[in-house]
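Close look at the chain arrangement
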Amino acid sequence: MMLDRKRVGLVVLCFALMLSVTVVSAELSTSSSTSYEGGQEANDQAITVTYTFSPDGSKISNVVINFRAQQRTLLQGGTFSYTVQPGAAEINVTNAGRGEFRIDELGKNEEITFTYTVYPKNIKQESIEASSVDIQYVQNGQELTHEETITANLSSSPWYQLQEKQDQLESEQSGQAVSLGIFAGALGFGVLGLIAAGVSYRRIGSRVQDEHDTFSKELERVKSRIDSPGAERKIQDLIDKYQSDGGAPGPTPAGDQSGGSSIDDDDEDDDGGLEPPSV
């Protein structure tokens, strides 16, 4: 019987502990935001931090809140301000200095918003930890703590804007280099084509001239083997005309007395006729 009573007492104690844990598990409702306009020329690179918190459940009391700078920021103490909601709520806030504030009590459905400024030590990072928040308070008779870190985006800083302009400039220069390369390549091919055409022209001209010389020599050889003065004269006229025209002789117009007859035409020589050549 004694053992059963102990078991019942142990069960009751465990149940009471579970209830107590449920009661003290209430937390704060918080929100934060940052604003950085470092890209503007008139701006001093300041990061504006806004932080709001309120009880999530029952009221809280003996609140001590600390705002601190981080490794890469500086906190400007004289920039703190706060507002409360609802506006008519009687909330007693004390500024203890160095980013510390004390609040006597914050009731359910009441909230307080702090605004302050920090400055980045380095603007070459896209995101930095701007500030940290540490809140100590009492809720339902329990001392509780809340901590969090607030980050800021510095992607609009002058350093990143300079990097973007440099990337654009390098991209434009790269495109110009490609265009010049294409133009130079086309120009090179054009020059090579002209050179090839000139070489071909010179080769054709040289070949034609060789043929002219060969044909003229052949005519000279035939003439040297002809005994008829009339035939020799006609062959000489043919050689002269061929060399002066720069090509093979064509048909001679009618009435042309410069030697347009072929060697087969009848012609009167000193002996009264053209004798067949003895080749």
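Values in this document were obtained by computation on a predicted structure and should not be read as measured data.

1. What to know about the overall build of the chain
From N to C terminus, the chain includes three helices and nine strands. Split into buried and exposed, the 279 residues of the chain put 24% on the buried side. Long-range pairs, those at least 24 residues apart, make up 68% of the contacts in the chain between residues at least 6 apart in sequence. Of the roughly 18900 Å² that the chain leaves accessible, carbon and sulfur atoms contribute 52%.

2. Some words on the environment of Val64
Looking at the secondary structure, you find Val64 in strand S3 (residues 60-69). According to the relative accessible area criterion, Val64 is partly exposed, its value standing at 22%. Beyond its immediate sequence surroundings of up to four residues, Val64 is in contact with Glu100, Phe101, Arg102, Asp134, Ile135 and Gln136.

3. Some points on the sheet that holds strand S2 (residues 47-56)
With respect to topology, four strands assemble into an open sheet ordered S1-S2-S7-S4, the strand pairing being antiparallel. At either margin of the open sheet sits one strand with a lone partner, and together these are strand S1 (27-36) and strand S4 (73-85). For this sheet the average axis-to-axis angle between neighbouring strands, irrespective of direction, equals 20°. The pairing of S1 with S2 spans 10 bridges and is classified as antiparallel. Counterpart to Tyr36 in the pairing with S2 is Ile47.

4. Describing the packing of aromatic side chains
Under the counting rule described, the total for this entry stands at 10 aromatic pairs. With centroids separated by 4.9 Å and ring planes inclined at 50°, the aromatic side chains of Phe67 and Tyr116 adopt a geometry described as tilted. Pair noted here: Phe67 is in strand S3 and Tyr116 is in strand S7 (residues 111-120), with a separation of 49 residues, a long-range link. Of the residues examined, Phe67 reaches a relative accessible area of 2% and is grouped as buried. A residue is classified by how much of its surface remains accessible, and Tyr116, at 0% relative accessible area, is buried. A network of ring pairs unites the aromatic residues Tyr51, Phe53, Phe67, Phe80, Tyr82, Phe101, Phe114 and Tyr116 as a single cluster.

5. Brief notes about the pairing of strand S8 (residues 127-139)
In terms of burial, S8 is largely enclosed, as 10 of its 13 residues are buried. As judged from the seven bridges shared by S3 and S8, these two strands associate in the antiparallel manner. Bridge assignment links Arg68 to a residue of S8, and that residue is Ser132. By the bridge criterion, 12 bridges tie S8 to strand S9 (residues 142-153) in an arrangement that is antiparallel. Its bridge partner lying in S9, Glu129 is registered against Thr151.

6. Side note on the pairing of S3
The pairing of S3 with strand S6 (residues 100-106) spans six bridges and is antiparallel. The residue of S6 that forms the bridge with Val63 is Ile103.

7. As for the side chain of Asn66
Structurally, Asn66 can be placed in strand S3. Contact partners of Asn66, with chain neighbours within four places excluded, come to Gly99, Glu100, Ser132, Val133 and Asp134.

8. Here's the deal with the pattern of salt bridges
What the rule picks out here adds up to three salt bridges. For Lys59, the salt bridge is made with Glu105, and the minimal N-O distance between the two is 3.3 Å. Placement of Lys59 in the loop between S2 and S3 and of Glu105 in strand S6 is noted, with a sequence separation of 46 residues between them. A residue is classified by how much of its surface remains accessible, and Glu105, at 38% relative accessible area, is partly exposed. The salt bridge involving Glu100 is made with Arg102; its shortest N-O contact spans 3.0 Å. Arg102 gets classed as partly exposed once you look at its relative accessible area, which sits at 46%.

9. Focus: unusual backbone geometry
Residue Pro86 is reached from Gln85 by a cis peptide bond, and omega for that bond is -5°. Position of Pro86 relative to the elements: it lies in the loop between S4 and strand S5 (93-97). In this structure, Asn109 takes a positive phi of about 70° despite not being glycine. As for its placement among the helices and strands, Asn109 is situated in the loop between S6 and S7.

10. Examining the sheet that holds S8
Read across the sheet, five strands follow the order S5-S6-S3-S8-S9 without closing on themselves; strand pairing throughout is antiparallel. Two strands close off the open sheet at either side, each with one partner strand: S5 and S9. Looking at each pair of strands side by side, their axes are set apart by 20° on average, direction ignored. Relative to S6, S5 runs antiparallel, the two being bridged by four bridges.

Reading guide: rules and limits
Residues numbered from 1 in each chain as written. Predicted model: local features only at pLDDT ≥ 70, side-chain atom pairs only at ≥ 80, totals over all residues. Heavy atoms only, no water. Helix = DSSP H or I, 4+ residues; strand = E, 2+ residues; numbered from the N terminus. Buried < 20%, exposed > 50% of the residue type's maximum accessible area, 1.4 Å probe, protein only. Contact = heavy atoms within 4.5 Å. Areas by Shrake-Rupley, 256 points an atom, 1.4 Å probe, with all protein chains shown as cover. Pairing = 2+ DSSP bridges. Axes fitted to C-alpha atoms, helices over the stretch in contact; angles between N-to-C directions. Phe/Tyr/Trp six-rings, centres within 6.5 Å; stacked < 30°, edge-to-face > 60°. Salt bridge = Lys/Arg side-chain N within 4 Å of Asp/Glu carboxyl O.

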